[in-house]
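Each chain, written out:
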Amino acid sequence: MERWKGRVALVTGASVGIGAAVARLLVQHGMKVVGCARSVDKIEKLAAECESAGYSGTLIPYKCDLSNEEEILSMFSAIKTLHQGVDVCINNAGLARPEPLLSGKTEGWRTMIDVNVLAVSICTREAYQSMKERDVDDGQIININSVLGHIFQTRSSSHFYSATKHALKALTEGVRQELREAKSHIRVTSISPGLVETEFAYQFNNNDREKAAEMYSSFKCLEAADIANAVVYVLGTPRHVQVGELLLRPTEQIN
């Protein structure tokens, strides 16, 4: 991780869960991290904690609604002005709505497409252009995917969400191929966790804490720190090593 000290990483969805854990660990490793979310109160608190802990990096909160392309473009413009550009892009933000394919609401589907697919694609494009214009040829793009991007879940409420994660798997490979064709050494990786104990299940179950707690009590889940450590592993691999996919499951998880 030595070569990443002082360099700029963008972490989307950095206010809670996996995003917050990734942002904290990258700051701990000396990176300048722009953490974005729709609300930055929690990121500001995390930034203060990182500073108090004496971490060598810096966390910069940035308010951005990833379902709005203009806000994404404005964010990248601000990063360029204030910090030259992005060297690492962690596409972590994602959401799920319990909207089945045969009875779900279009609004819920559209929200998932906007954040899970389009926002990732826009951030990837803008991060690549930022690297290219500065002749950064060792950058890294990491997409936080899901085990549901590899399997088909029998639970109908997750089918559309799963489809967006299958799309993300395809997009990651497409980016890898385009980078190879461009003779770029920028790398792209998909990290696909199984069940991670975060706020995700509460949101998916419409803040029904009993249902969410039931999901998390069935076996020992992954923790956000496990995924953050996977991100650091990917960033720490030699430049000639392309980690295309990293699939992490709790030991007791069936699928």
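In short, a report on the structure. (Residues numbered from 1 in each chain as written. Predicted model: local features only at pLDDT ≥ 70, side-chain atom pairs only at ≥ 80, totals over all residues. Heavy atoms only, no water.)

**Focus on the overall build of the protein**
Phase 1: Each helix and strand in the protein was counted, giving eight helices and seven strands.
Phase 2: Computed over the C-alpha atoms, the radius of gyration of the protein is 17 Å, within 12% of the 18 Å expected from 2.2 N^0.38 for a compact globule of 255 residues.
Phase 3: The C-alpha extent of the protein, read off along each of the three principal axes, is 45 × 45 × 35 Å.
Phase 4: Residues classed as buried in the protein amount to 50% of the 255 residues present.
Phase 5: Sequence separation of at least 24 residues holds for 72% of the intrachain contacts in the protein that already meet a minimum separation of 6.
Phase 6: In the form shown here, the protein has an accessible surface area of approximately 12400 Å², with 50% of it arising from carbon and sulfur atoms.
Phase 7: If the 28 positive side-chain charges of the protein are averaged to one point and the 30 negative ones to another, these points end up 3 Å apart. (Helix = DSSP H or I, 4+ residues; strand = E, 2+ residues; numbered from the N terminus. Rg over C-alpha atoms; globule rule 2.2 N^0.38 Å. Buried < 20%, exposed > 50% of the residue type's maximum accessible area, 1.4 Å probe, protein only. Contact = heavy atoms within 4.5 Å. Areas by Shrake-Rupley, 256 points an atom, 1.4 Å probe, with all protein chains shown as cover. Lys, Arg positive; Asp, Glu negative; His and termini not counted. Charge placed at Lys NZ, Arg CZ, Asp CG, Glu CD.)

**Overview of the packing of aromatic side chains**
Phase 1: For the coordinates displayed, the defined rule picks out one aromatic pair.
Phase 2: Look at tryptophan 109 and phenylalanine 160: their rings are 5.3 Å apart centre to centre, the planes differ by 10 degrees, and that puts the pair in the stacked class. Remark: phenylalanine 160 occurs in helix α5 (residues 159-181) and tryptophan 109 occurs in helix α4 (residues 106-133); sequence separation between them is 51 residues.
Phase 3: Residue phenylalanine 160 is classed as buried on the basis of its relative accessible area, which comes to 15%. (Phe/Tyr/Trp six-rings, centres within 6.5 Å; stacked < 30°, edge-to-face > 60°.)

**Topic: unusual backbone geometry**
Phase 1: Even without glycine at this site, glutamine 84 takes up a positive phi of about 75 degrees.
Phase 2: Inspection of the secondary structure assignment puts glutamine 84 in the loop between α3 (69-83) and β4 (88-91).
Phase 3: A relative accessible area of 52% places glutamine 84 in the exposed class.
Phase 4: A positive phi angle, close to 55 degrees, is found at lysine 183, a residue other than glycine.
Phase 5: Considering the arrangement of structural elements, one finds lysine 183 in the loop between α5 and β6 (187-193).

**Focus: the side chain of aspartate 138**
Phase 1: Turning to its location among the elements, aspartate 138 is positioned in the loop between α4 and β5 (140-144).
Phase 2: Among the polar contacts listed, one links the side chain of aspartate 138 to the side chain of arginine 3, at a separation of 2.9 Å.
Phase 3: Within the structure, the side chain of aspartate 138 is placed 2.8 Å from the side chain of arginine 7, a separation counted as a polar contact.
Phase 4: Beyond its immediate stretch of four places on either side in the chain, aspartate 138 contacts Arg3, Trp4, Arg7, His185 and Arg239. (Polar contact = N/O pair within 3.5 Å; in protein donor to acceptor, adjacent residues only side chain to side chain.)

**Some words on the sheet that holds strand β1 (residues 8-12)**
Phase 1: Pairing in this open sheet of seven strands is parallel, and the strands run β3-β2-β1-β4-β5-β6-β7 from one edge to the other. The sheet is open, and its two edges are formed by β3 (58-63) and β7 (245-248), each paired on a single side. Across the sheet, the mean angle from the axis of one strand to that of its neighbour is 15 degrees, orientation sign disregarded.
Phase 2: Relative to β4, β1 runs parallel, the two being bridged by three bridges. If you follow leucine 10 over to β4, its bridge partner there is cysteine 89.
Phase 3: Contacting β2 (32-37) and β3, helix α2 (residues 41-52) runs over the sheet at an angle of about 170 degrees to β3.
Phase 4: The sheet contacts of α4 involve β1, β4 and β5, and relative to β4 the element is tilted by about 175 degrees. (Pairing = 2+ DSSP bridges. Axes fitted to C-alpha atoms, helices over the stretch in contact; angles between N-to-C directions.)

**A look at the packing of α4 against α5**
Phase 1: At their nearest, the axes of α4 and α5 sit 9 Å apart, and the two run at 15 degrees to each other. With respect to α5, the element α4 is oriented roughly parallel. Of the two elements, α4 crosses α5, and the hand of that crossing is right-handed. Contacts between α4 and α5 involve Trp109, Met112, Ile113, Asn116, Val117, Val120, Ser121, Thr124 and Tyr128 from the former and Phe160, Tyr161, Thr164, Ala167, Leu168, Leu171, Val175 and Leu179 from the latter.
Phase 2: Partitioning the contact of α4 with α5 into residue classes produces 13 nonpolar, four polar and no charged. (Parallel < 35°, antiparallel > 145°, perpendicular 65-115°, else oblique. Left-handed = near helix turned anticlockwise from the far one by under 90°. Nonpolar A, V, L, I, M, F, W, Y, C, P; charged D, E, K, R; others polar.)

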